[in-house]
Amino acid sequence: MANHALDNAARILGQARCTIAFTGAGISVESGIPPFRGPGGVWSKYDPAMFEKAYFKQHPQEVWPLLKTIFYDTLARARPNPAHYALADLEAAGRLAGVITQNIDGLHQAAGSRTVHEYHGSTRRMQCLACRAFFDSASISLERLPPPCPACGGTLKPDFIFFSEPIPFEVHRAATDLAQASDVCLIVGTGGEVMPAGRIPHLVKSAGGTVIEINLYETRYSYGFSDIFLQGKAGTLLPELAEKTLAA
Ligand code: APR
């Protein structure tokens, strides 16, 4: 990595009025969680059409075993990696206002980040499609699938966003407000392929802000949108960037 780009990015982070991180699956790859797209991506193994909300409601007995394999079994073993800790360090030092993440793995909070907007929800809770009650996922056994609602026996759905499902108003509003108040957006581990999440960096840029991108492969942001594109692994680049920013 040409150091001047990293030095440039650290200078920008050091001088920023309000910085947000916009993160996706790539920041958790080094925690053992596969990305959705690109080499080894989930959508190269499973048909995303099965994760449309309507399909899940009609075929919960078919989709639940995949949800367990893809999400619950994988996330149970996942721990934060140095990239997550670097963002928590930047926040603790007052150089990051918060994280807007598309991830549902809870690893930002596990690493110590305090302001985290989970734009696509999380695996933390489940909701019954029949009686609408919420349950802590830790209290629901996945031995029997689909897991029956403890209250009414209905079908439980993970409290994260399926395709064609709207973003909950509160998190959309909180994330949008934070992005619109920011003058620097640090994109980490996402190609912004999914909307409306992918528009978050544009809110910062269109208000005259600066965009710094850390991705392993080039994305639709990389050339013509990001002001600085640091190509490489988040687990390596983010700690370096945080160290340079906090040393200044
Ligand atoms: N370090 C940094 N970036 C990485 C790494 C890594 N170790 N590994 C992969 N990446 C980058 C890739 O370059 C790619 O741009 O992470 C990105 C992963 O892209 P996606 O798998 O599409 O993940 P994401 O953008 O979060 O997907 C958005 O799509 O399926 C839906 O709801 C799901 O939230 C998800 C949304």
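Note: the structure precedes this text.
Criteria and thresholds
Residues numbered from 1 in each chain as written. Predicted model: local features only at pLDDT ≥ 70, side-chain atom pairs only at ≥ 80, totals over all residues. Heavy atoms only, no water. Pairing = 2+ DSSP bridges. Helix = DSSP H or I, 4+ residues; strand = E, 2+ residues; numbered from the N terminus. Axes fitted to C-alpha atoms, helices over the stretch in contact; angles between N-to-C directions. Contact = heavy atoms within 4.5 Å. Disulfide = S-S within 2.5 Å. Buried < 20%, exposed > 50% of the residue type's maximum accessible area, 1.4 Å probe, protein only. Near = heavy atom within 4 Å. Polar contact = N/O pair within 3.5 Å; in protein donor to acceptor, adjacent residues only side chain to side chain. Areas by Shrake-Rupley, 256 points an atom, 1.4 Å probe, with all protein chains shown as cover. Nonpolar A, V, L, I, M, F, W, Y, C, P; charged D, E, K, R; others polar. Salt bridge = Lys/Arg side-chain N within 4 Å of Asp/Glu carboxyl O. Core = buried A, V, L, I, M, F, W, Y, C linked by side-chain atoms within 4.5 Å.

1. Digging into the sheet that holds strand β5 (residues 134–136)
(1) Moving on: Strand order in the open sheet formed by three strands is β5-β4-β6, with antiparallel pairing between adjacent strands. Both edges of this open sheet fall to β5 and β6 (156–160), since each of them pairs with a single strand only. Neighbouring strand axes in the sheet, compared pairwise and without regard to direction, differ in orientation by 40 degrees on average.
(2) Moving on: Alignment of strand β4 (residues 121–128) against β6, held across four bridges, turns out to be antiparallel. Each bridged residue has a counterpart across the sheet, and for Gln127 the counterpart in β6 is Lys157.
(3) Moving on: Together, β4 and β6 form the strand contacts of helix α3 (residues 60–76), whose direction differs from that of β6 by roughly 45 degrees.

2. A few points about the state of the cysteines
Each disulfide consists of one covalent bond between the sulfur atoms belonging to two cysteines.
(1) Moving on: In the structure shown here, the tally under the stated rule is zero disulfides.
(2) Moving on: With no disulfide of its own, Cys18 lies closest to Cys185 among cysteine sulfurs, the gap being 11 Å.
(3) Moving on: Using a relative accessible area of 14% as the deciding quantity, one classes Cys18 as buried.
(4) Moving on: You can call Cys185 buried: its relative accessible area is 0%.

3. Details of the site of the ligand
(1) Moving on: Near the ligand lie 23 residues; those nearest to it are Ala25, Phe36, Arg37, Thr190 and Ala234.
(2) Moving on: One of the backbone N or O atoms of Ala234 is found 2.9 Å from a nitrogen atom in the ligand.
(3) Moving on: When the ligand sits alone it has 730 Å² of accessible area, and the protein chains cover 93% of it.
(4) Moving on: For the shell around the ligand, a count of residues per class yields ten nonpolar, ten polar and three charged.

4. Here's the deal with the pattern of salt bridges
(1) Moving on: Scanning the model with the defined rule gives nine salt bridges in all.
(2) Moving on: With a shortest N-O distance of 3.0 Å, Asp159 and Arg125 are connected by a salt bridge. Remark: Arg125 occurs in strand β4 and Asp159 occurs in strand β6; sequence separation between them is 34 residues.
(3) Moving on: Its relative accessible area of 36% is what places Arg125 among the partly exposed residues.
(4) Moving on: Of the charged contacts in the structure, one is a salt bridge between Asp177 and Arg173, with a shortest N-O distance of 3.2 Å.

5. A short note on the nonpolar core
(1) Moving on: Leu87, Leu186, Ile212, Ile214, Leu230, Leu238 and Leu241 are the most contacted members of the largest nonpolar core, which has 28 residues in total.
(2) Moving on: For this core, the secondary structure elements donating two or more residues are α1 (3–15), α4 (82–92), β7 (184–188), β8 (210–215), β9 (228–231) and α8 (234–247).
(3) Moving on: By residue number, the principal contributor to this core is α1, which donates six residues.
(4) Moving on: In this structure, Phe51, Phe56, Met126 and Cys149 belong to the second largest nonpolar core, which totals 26 residues.

6. Comments concerning the pairing of β4
(1) Moving on: Extensive coverage of β4 is indicated by the burial of six of its eight residues.
(2) Moving on: Inspection of the sheet shows β4 paired to β5 by three bridges, in the antiparallel sense. Paired with Gln127 across the strands is Phe134, a residue of β5.
(3) Moving on: The turn linking β4 back onto β5 is made up of five residues, and Arg132 within it adopts a positive phi angle of 70 degrees.

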